[in-house]
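Understanding the architecture of this molecule
If you want the building blocks of each chain, they are given just below.
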Amino acid sequence: MSNPFEREDISYFVLVNDEGQHSLWPEVIDVPAGWRTVLGPESRDACLAHIETSWWDIRPASLVARMTAAKSA
């Protein structure tokens, strides 16, 4: 069996967690707790394109908030 995260012949979701981190997720696997679907089901390429355009800062949201607070202190 091939890796479901690399298959081109199945549909995918784009998931986002509370930290704003994104994940490409195969439709055939249940969405894990703590993640929500923001796109899909779509092709793997469409999901990857969405991640590339919408997740431009890979830092967790909590880190960004701490850094912002430290700058204003």
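Higher on the page you've got the structure.
Since this is a predicted model, take the numbers as computed values, not measurements.

Taken together, the buried positions of helix α1 (residues 44-54) are occupied by Arg44, Cys47 and Ile51. What you see down the axis of α1 is that its buried residues fit within an arc of 70°, all on one side. Opposite the buried face of α1, by more than 90 degrees, sit the exposed residues Asp45, Glu52 and Thr53. The inward-facing, buried residues of α1 contact β1 (12-17), β2 (22-26) and β3 (35-42).

Turning next to the pattern of salt bridges. As enumerated under the stated definition, the model contains three salt bridges in all. Note that Arg59 and Asp57 form a salt bridge whose closest N and O atoms lie 2.7 Å from each other.

Cut-offs applied
Residues numbered from 1 in each chain as written. Predicted model: local features only at pLDDT ≥ 70, side-chain atom pairs only at ≥ 80, totals over all residues. Heavy atoms only, no water. Buried < 20%, exposed > 50% of the residue type's maximum accessible area, 1.4 Å probe, protein only. Helix = DSSP H or I, 4+ residues; strand = E, 2+ residues; numbered from the N terminus. Arc of directions from axis to C-beta. Contact = heavy atoms within 4.5 Å. Salt bridge = Lys/Arg side-chain N within 4 Å of Asp/Glu carboxyl O.

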